[in-house]
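# Descriptive structure summary
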Amino acid sequence: MKLTMRKFNHEDDYWRIRAFLRQTAQDNNLKEYSWPVPRLDYWRWHVIYTHEAYQMEDVIFIWEDETGEIAAVLNPEGPADAYLNVRPKARSRTLETEMIETAEQYLTGSTPEGGRRLIVWAYEDDPLRQEILQSRGYERIDRPDVCANQHLLWLDQPLPYYPPAPGYTVRSLGGPEEIPSRSWASWRAFHPDDPDEAYQGWDWYPVNIQQEPLYRRDLDIVAIAPDGEVAAFCTFWFDDVTRSAYIEPVGTRPAHQKKGLGKAVITEGLRRLKAMGGLAACVHGFSVPANKLYNAAVSPDCILASPWRKIWEPNG
């Protein structure tokens, strides 16, 4: 298969990439060896728009075959990392090597010493990519706080049920009046030790998150505390083409932890997905506590993805 690489150069490319990712997900039996569409949307509407992190024309690379069909897409998520999204039928050592070489040219970040660094992700059951990375001088980072455990649950089985703690209510996010509480809960859950003054407000939520193509308020699940404030949250991004959902983010405010609220909001969303005809749901865990939660509420069966890091010395 002859493939040609080019940069992202038009809005139409974005929607073509979404179609490519959907087909790739189906080819992979919904295992997320490539990004699902909701993750791409979340990256664009939240990471890029909220933080002004990138111009897509500078960091997305597309490989197409002779007919113009997309075979692979390379993109970052955070600084100095690279994700290789490849159709199974197009996978080869030549293609994966070219994608990694492209990432090394365009997606590296700086080190404090003035060198360069790059992280490329590889799954534990992908010996081809691991071999290529090792041959190019990458080292696997094997720590539970950086590796991603992909928990995939098929919804054609009995689902767990965890009711909320007494005094709490689990339901969909309310109207605009509840967005400040939802945003504060998200910030505090992921910044438990930061001072209140570091909080930058809630405007990003309706402008970016709720504008994403797959956002559904009925799948933006919250646990409401006795005082009426959002105590925990879990957003499900349902793709009705693949009939699968990507779960991101999940969190509980520190003052309300250890009450089973994370399990309550996740399992409520799973029941809703199953009722609407969903086939599967997936969530990625990056810590021991997160994986403990997802083992109980989603599935203990998971696939491990590890970051592989390469560092170039200054002038290297």
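Everything here concerns the structure above.
An account of the accompanying structure is given in this report. Note on numbering: residues in each chain are counted from 1, in written sequence order. Two thresholds apply to this predicted model, a pLDDT of at least 70 for residue-level local features and 80 or more for giving and counting side-chain atom pairs, whereas whole-chain, interface and lining totals are computed over all residues. The side-chain figures draw on all heavy atoms in the structure; neither hydrogens nor water molecules are used.

## Topic: the overall build of the protein chain
Going by this rule: Strands here are runs of E lasting at least two residues and helices are runs of H or I lasting at least four, both read from the DSSP assignment and numbered beginning at the N terminus. Radius of gyration here uses only the C-alpha atoms, and the compact-globule reference equals 2.2 Å multiplied by the residue count raised to the power 0.38. Burial classification: accessible surface area is computed with a 1.4 Å probe over protein chains only, and a residue below 20% of its type maximum counts as buried, one above 50% as exposed, and the rest as partly exposed. By definition, residues are in contact when any of their heavy atoms lie within 4.5 Å.
Per the secondary structure count, the protein chain includes 9 helices and 14 strands. By the compact-globule yardstick of 20 Å for 316 residues, the protein chain fits well, its C-alpha radius of gyration being 20 Å. Each of the three principal axes of the protein chain carries a C-alpha extent, and together these read 60 × 45 × 35 Å. Every one of the 316 residues in the protein chain was classed for burial, and the buried ones make up 53%. In the protein chain, of all internal contacts separated by at least 6 residues, the share reaching a separation of at least 24 is 72%.

## Describing the packing of helix α1 (residues 11-27) against helix α2 (residues 37-51)
Helices that pack against each other are described as a pair by the angle of their axes relative to one another and the distance between those axes. Where we set the bar: To obtain each axis, a line is fitted to C-alpha atoms, and for helices this fit is confined to the stretch in contact; angles are then taken between N-to-C directions over 0 to 180 degrees. Reported orientations rely on four angle classes, namely roughly parallel under 35 degrees, roughly antiparallel over 145, roughly perpendicular from 65 to 115, and oblique for the rest. Side-chain classes follow a simple rule in which Ala, Val, Leu, Ile, Met, Phe, Trp, Tyr, Cys and Pro form the nonpolar group, Asp, Glu, Lys and Arg form the charged group, and the remainder, Gly included, forms the polar group.
Running from amino to carboxyl end, α1 crosses α2 at an angle of 150°, the nearest separation of the two axes being 9 Å. It follows that α1 is roughly antiparallel to α2 by the angle criterion. Across from Glu 11, Tyr 14, Ile 17, Arg 18, Leu 21 and Arg 22 in α1, the residues of α2 making contact are Val 37, Leu 40, Asp 41, Arg 44 and Trp 45. When grouped by side-chain class, the residues that make up the contact of α1 with α2 number 6 nonpolar, no polar and 5 charged.

## Quick notes on the packing of aromatic side chains
We apply this condition: Any two rings among Phe, Tyr and Trp, with Trp reduced to its six-membered ring, count as a pair given centres within 6.5 Å; such a pair is stacked if its planes are under 30 degrees apart, edge-to-face if over 60, and tilted if neither. In this scheme, Lys NZ or Arg CZ marks a charge over a ring once it lies within 6 Å of the ring centre and within 35 degrees of the ring normal.
Scanning the model with the defined rule gives 17 aromatic pairs in all. Centre to centre, the rings of Phe 190 and Phe 233 are 5.9 Å apart; their planes meet at 70°, and the pair counts as edge-to-face. You can see Phe 190 sitting in helix α6 (residues 179-190) and its partner Phe 233 sitting in strand β11 (residues 230-239), a full 43 residues away along the chain. Phe 190 sits in the partly exposed class, given a relative accessible area of 44%. Among the aromatic residues, those joined into a ring-pair cluster are Trp 35, Trp 43, Tyr 54, Tyr 83, Trp 121 and Phe 286. Over the ring of Trp 45 we find Arg 44; its NZ or CZ atom is 4.8 Å from the centre of that ring.

## A word on unusual backbone geometry
In this model, Glu 248 is joined to Pro 249 through a cis peptide bond whose omega is 0°. Counting through the fold element by element, Pro 249 comes out in strand β12 (residues 244-252). Even without a glycine there, the phi angle at Ala 80 is positive, about 65°. Counting through the fold element by element, Ala 80 comes out in the loop between β3 (70-75) and β4 (81-86).

## Some thoughts on the environment of Leu 273
Along the chain, the position of Leu 273 falls in helix α8 (residues 261-275). Along the chain, Leu 273 and Ser 244 lie 29 residues apart, while their C-alpha atoms are 8.4 Å from each other. Every residue in contact with Leu 273, bar those within four places of it in the chain, is listed here: Leu 155, Leu 219, Phe 236, Phe 238, Ala 245, Gly 278 and Ala 281.

## Overview of the nonpolar core
Keep this limit in mind: Throughout, nonpolar core names a set of buried Ala, Val, Leu, Ile, Met, Phe, Trp, Tyr and Cys residues whose side chains join them through atoms within 4.5 Å.
In terms of nonpolar packing, the biggest core is built from 64 residues, with Ile 17, Trp 43, Ile 60 and Leu 74 touching the most fellow members. The contact partners of Trp 43, leaving out residues within four places of it in the chain, are Trp 35, Ile 48, Tyr 54, Val 59, Ile 60, Asn 75, Pro 76 and Glu 77. Counting 30 residues, the second-largest nonpolar core is a separate cluster that includes Leu 155, Ala 223, Ile 266 and Ala 297.

## A few points about the environment of Asp 142
Locating Asp 142 in the fold gives a position in the loop between β7 (139-140) and β8 (148-154). Classification of Asp 142 by relative accessible area gives exposed; the value is 55%.

## Considering α8
We count it as follows: Multiply 1.5 Å by the residue count of a helix minus one, and that product is the helix's expected span.
Spanning 15 residues, α8 covers 21 Å between terminal C-alpha atoms, matching the ideal 21 Å at 1.5 Å per step. All of the buried residues in α8 are Leu 261, Gly 262, Ala 264, Val 265, Ile 266, Thr 267, Glu 268, Gly 269, Leu 270 and Leu 273. Just past α8, the residue Gly 277 takes up positive phi, approximately 95°.

## As for the packing of α8 against helix α9 (residues 288-297)
Spelled out, the test is: Here a crossing is taken to be left-handed if its near helix is turned anticlockwise relative to the far helix by less than a right angle, and right-handed if that turn runs clockwise.
Across the interface, α8 lies against α9 with an axial gap of 10 Å and an inter-helix angle of 40°. One element, α8, and the other, α9, form an angle in the oblique class. Crossing hand, α8 versus α9: right-handed. Counting all contacts with α8, which are made through Gly 262, Lys 263, Ile 266, Thr 267 and Leu 270, the residues of α9 involved are Leu 293, Tyr 294, Ala 296 and Ala 297. Looking at the contact of α8 with α9 residue by residue, the classes come out as 6 nonpolar, 2 polar and 1 charged.

## Concerning the side chain of Thr 252
Among the secondary structure elements, Thr 252 is positioned in strand β12. Once residues lying within four places of it in the same chain are set aside, the contact partners of Thr 252 are Ala 189, Ala 231, Ala 232, Phe 233, Gln 257, Leu 261 and Gly 262.

## Side note on the pattern of salt bridges
Heads up, the rule is: By definition, a salt bridge exists where a carboxyl oxygen of Asp or Glu is found within 4 Å of a side-chain nitrogen of Lys or Arg.
The full count for this structure, using the stated rule, is 26 salt bridges. Between Arg 91 and Glu 96 there is a salt bridge; the shortest N-O distance is 3.0 Å. With a relative accessible area of 31%, Arg 91 lands in the partly exposed category. On the accessibility criterion, Glu 96 (0% relative accessible area) is buried. Residues joined in a network through salt bridges with shared partners are Arg 6, Asp 13, Arg 16 and Glu 64.

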